[in-house]
Amino acid sequence: MAAESTATEHTGRGPLSMDELAAVIGRDIPAGSYVNLGIGHPTKIGDHLPTDADGRPAVILHTENGMLGMGPAAAGPMPSMPFSAYFHHADSFAMMRGGHLDVCVLGAYQVSARGDLANWHTGKPDDIPAVGGAMDLAIGAKDVYVMMTLFTKKGEAKLVPECTYPLTGVACVSRVYTDYAVFAIQPGGVRVLATYGISLAGLRQRVNVKLAG
């Protein structure tokens, strides 16, 4: 007998915009967490993090270049808060590598069904590698969330049985947040937590990974 689905299906709407997806992720990050937000779309999450009863940030943002307590997104220089702390670049990487971050959110080219992450290079000769601190974050953070579109421009799923791009980290991703669905990467496989603009059945037709719901 098949297990009853627990995935929440939002089929009466289209897929999430990146701002809407950022809000979903922001709500899922526990208060009190130390968090690093990767470049690109993950920076949008800074505007959707929980606050305490006095309206102060309930999540402490970390940056690779040496800062704790970064504020929400800004159009100009890096935003700071009254409680922000600054330190050496090497200390920042020691925090990342030492397991002191609760959550990091990274973009990705591909994520495999076992949580392998590929986000620094497509392997094409003319592409510029851009690993930055992603390898340190992927292995050092207690939870690694990925924020990405689910499909490429050609319609190919980025959640795959095995990554074909160079890996950033092995079995490191715990959740994948996309415009069409949110996935939990678990020891027993991939579970769909929610869908947006597509049914669970439709998702299974387009993603070549066994999906529990």
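Refer to the structure printed above.
What counts as what
Residues numbered from 1 in each chain as written. Predicted model: local features only at pLDDT ≥ 70, side-chain atom pairs only at ≥ 80, totals over all residues. Heavy atoms only, no water. Helix = DSSP H or I, 4+ residues; strand = E, 2+ residues; numbered from the N terminus. Buried < 20%, exposed > 50% of the residue type's maximum accessible area, 1.4 Å probe, protein only. Lys, Arg positive; Asp, Glu negative; His and termini not counted. Charge placed at Lys NZ, Arg CZ, Asp CG, Glu CD. Salt bridge = Lys/Arg side-chain N within 4 Å of Asp/Glu carboxyl O. Core = buried A, V, L, I, M, F, W, Y, C linked by side-chain atoms within 4.5 Å. Contact = heavy atoms within 4.5 Å. Pairing = 2+ DSSP bridges. Phe/Tyr/Trp six-rings, centres within 6.5 Å; stacked < 30°, edge-to-face > 60°.

Assigned secondary structure in the chain consists of four helices and 14 strands. With the C-alpha coordinates of the chain rotated into their principal frame, the extents come out at 55 × 45 × 30 Å. Within the chain, the proportion of its 213 residues that are buried is 46%. With 16 positive and 19 negative side-chain charges, the chain shows a separation of 6 Å between the mean positions of the two kinds.

Tallying each qualifying case throughout the model produces six salt bridges. Here Asp-19 ties to Lys-44 by a salt bridge, and the two come within 3.7 Å at their closest N and O atoms. In this pair, Asp-19 sits in helix α1 (residues 18-28) while Lys-44 sits in the loop between β2 (34-37) and β3 (60-63), placing the two residues 25 residues apart along the sequence. A salt bridge links Asp-136 to Arg-97; the nearest nitrogen and oxygen atoms lie 2.5 Å apart. Taken together, the positions of Asp-136 in helix α3 (residues 134-140) and Arg-97 in helix α2 (residues 89-97) put the pair 39 residues apart, joining distant regions of the chain.

Before going further, it helps to spend a moment on the nonpolar core. Of all hydrophobic cores here, the largest spans 34 residues; its most connected members are Leu-159 and Phe-183. Looking at this core, the elements with two or more residues in it are α2, β6 (103-106), α3, β9 (143-148), β12 (181-186), β13 (189-196) and α4 (200-206). When near neighbours in sequence (up to four residues on either side) are disregarded, Leu-159 contacts Val-111, Ser-112, Met-148, Leu-150, Phe-183, Ile-185, Val-190, Val-207, Val-209 and Leu-211. Membership of the second largest hydrophobic core comes to 21 residues, among which are Ile-25, Tyr-145, Ala-194 and Tyr-196.

Bridge analysis of β2 against β3 gives three bridges, and the strand direction is parallel. Among the inter-strand pairings, Val-35 is bridged to a residue of β3, identified as Leu-61. Examined bridge by bridge, β2 and β6 share three bridges and lie parallel to one another. Along β6, the bridge assignment pairs Val-35 with Val-103.

With that settled, consider the packing of aromatic side chains. Evaluated as defined, the whole model comprises three aromatic pairs. Ring geometry for Tyr-109 versus Tyr-165: centroids 5.9 Å apart, planes at 85°, classification edge-to-face. In this pair, Tyr-109 is assigned in the loop between β6 and β7 (110-112) and Tyr-165 in the loop between β10 (159-160) and β11 (175-178), connecting sequence segments 56 residues apart. Classification of Tyr-109 by relative accessible area gives partly exposed; the value is 36%. With centroids separated by 5.4 Å and ring planes inclined at 55°, the aromatic side chains of Tyr-145 and Tyr-177 adopt a geometry described as tilted. Separated by 32 residues along the polypeptide, Tyr-145 in strand β9 and Tyr-177 in strand β11 bring together distant segments of the chain. In this structure, Tyr-145 and Tyr-177 share a single accessibility class: buried.

The next thing to look at is α1. Within α1, burial applies to Met-18, Leu-21, Ala-22, Ala-23, Val-24, Ile-25 and Gly-26. Tucked inside the fold, the buried residues of α1 contact β6, β9, β11 and β13.

What follows concerns the environment of Asp-19. Classification of Asp-19 by relative accessible area gives partly exposed; the value is 44%. For the pair Asp-19 and Thr-122, spaced 103 residues apart in sequence, the C-alpha separation works out to 25 Å. The residues contacting Asp-19, other than those within four sequence positions of it, are Lys-44 and His-48.

Across the sheet, three strands lie side by side as β8-β7-β10; this open sheet has mixed pairing. Taken across any chain shown, the strands that pair with only one partner, and hence form the sheet edges, are β8 (117-118) and β10. One ladder, built from two bridges, connects β7 with β10; its direction is parallel. Bridging across to β10, Ser-112 finds its partner in Val-160.

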